[in-house]
Amino acid sequence: STQSTWAFERGLGIFNLGRMFYMHWYVEHVWGHHKRVGLKDDPATARYNETLYQFIPRCVAGTWKSAWNIEKDRLLKQKGYKSVWVPQNKFIYFVASYIAFPLLVAYFLGVRAGFYFCLLYT
């Protein structure tokens, strides 16, 4: 069915973002960037005359912060949870995967491979 195909493709997209330690972009891209693209409060939009070296750290830090706030609002306001530290918090799984992927690579292919995995995918 179309719904299951869409869910599978979304899962593949999230997996690919996870390989690059950038899963927060799944939240920020759809619910943050699409609403604010080109505006000053969009961390993923470069400023006029901003260099790449200025943009990248601001973008990475800003998208993390924005995605966390979007997820926090989703859990506290939309879902009615009293805390963000619930199993439904996507960030718990994002961060866990950032730890698990290199450890799995290191376990199956050796510590050096785990180290190179981190270097090559970040």
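Anyway, here's the lowdown on the structure attached to this text. It should be emphasised that the depicted structure is a prediction, and the values quoted were computed from it without experimental measurement. (Residues numbered from 1 in each chain as written. Predicted model: local features only at pLDDT ≥ 70, side-chain atom pairs only at ≥ 80, totals over all residues. Heavy atoms only, no water.)

### Considering the overall build of the protein chain
Counting secondary structure elements, the protein chain contains 5 helices and 0 strands. Overall, the protein chain shows an N-to-C arrangement of helices and strands of α-α-α-α-α. Projecting the C-alpha coordinates of the protein chain onto the three principal axes gives extents of approximately 45 × 40 × 35 Å. Considering the protein chain as a whole, with its 122 residues, one finds that 34% of them fall into the buried category. In the protein chain, once contacts between residues fewer than 6 apart in sequence are set aside, the share between residues at least 24 apart is 41%. When the accessible surface of the protein chain is totalled, it reaches about 8500 Å², and 66% of it is carbon and sulfur. (Helix = DSSP H or I, 4+ residues; strand = E, 2+ residues; numbered from the N terminus. Buried < 20%, exposed > 50% of the residue type's maximum accessible area, 1.4 Å probe, protein only. Contact = heavy atoms within 4.5 Å. Areas by Shrake-Rupley, 256 points an atom, 1.4 Å probe, with all protein chains shown as cover.)

### Overview of unusual backbone geometry
Positive phi, close to 55°, is recorded for Phe-21, a residue that is not glycine. Its location among the elements puts Phe-21 in the loop between helix H1 (2-19) and helix H2 (24-36). For Asn-49, which is not a glycine, the phi torsion comes out positive at approximately 65°. Within the secondary structure, Asn-49 sits in the loop between H2 and helix H3 (52-78). With a relative accessible area of 62%, Asn-49 lands in the exposed category.

### So, the side chain of Ser-97
Checked against the element boundaries, Ser-97 lands in helix H4 (residues 90-109). Every residue in contact with Ser-97, bar those within four places of it in the chain, is listed here: Met-23 and Pro-102.

### Observations concerning the nonpolar core
Within the largest apolar cluster, 18 residues are counted, with the highest numbers of intra-cluster contacts made by Leu-17, Met-23, Tyr-26, Val-27, Phe-94, Tyr-98 and Phe-117. When contributions to this core are tallied by element, the ones reaching two or more residues are H1, H2, H3 and H4. A total of 5 residues in this core trace back to one element, the largest contributor, which is H4. Beyond its immediate chain neighbours, meaning those up to four positions away, Val-27 contacts Gly-32, Ala-67, Ile-70, Glu-71, Lys-90 and Phe-94. (Core = buried A, V, L, I, M, F, W, Y, C linked by side-chain atoms within 4.5 Å.)

### Examining the pattern of salt bridges
Scanning all chains against the criterion turns up 5 salt bridges. Residues Glu-71 and Arg-74 are paired through a salt bridge, measuring 2.7 Å at the closest nitrogen-oxygen approach. Of this pair, Glu-71 and Arg-74 both sit in helix H3, 3 residues apart, which is roughly one turn of the helix. Residue Lys-77 pairs with Asp-73 through a salt bridge whose shortest N-O separation is 3.8 Å. Pair noted here: Lys-77 and Asp-73 are both in helix H3, with a separation of 4 residues, about one helical turn. (Salt bridge = Lys/Arg side-chain N within 4 Å of Asp/Glu carboxyl O.)

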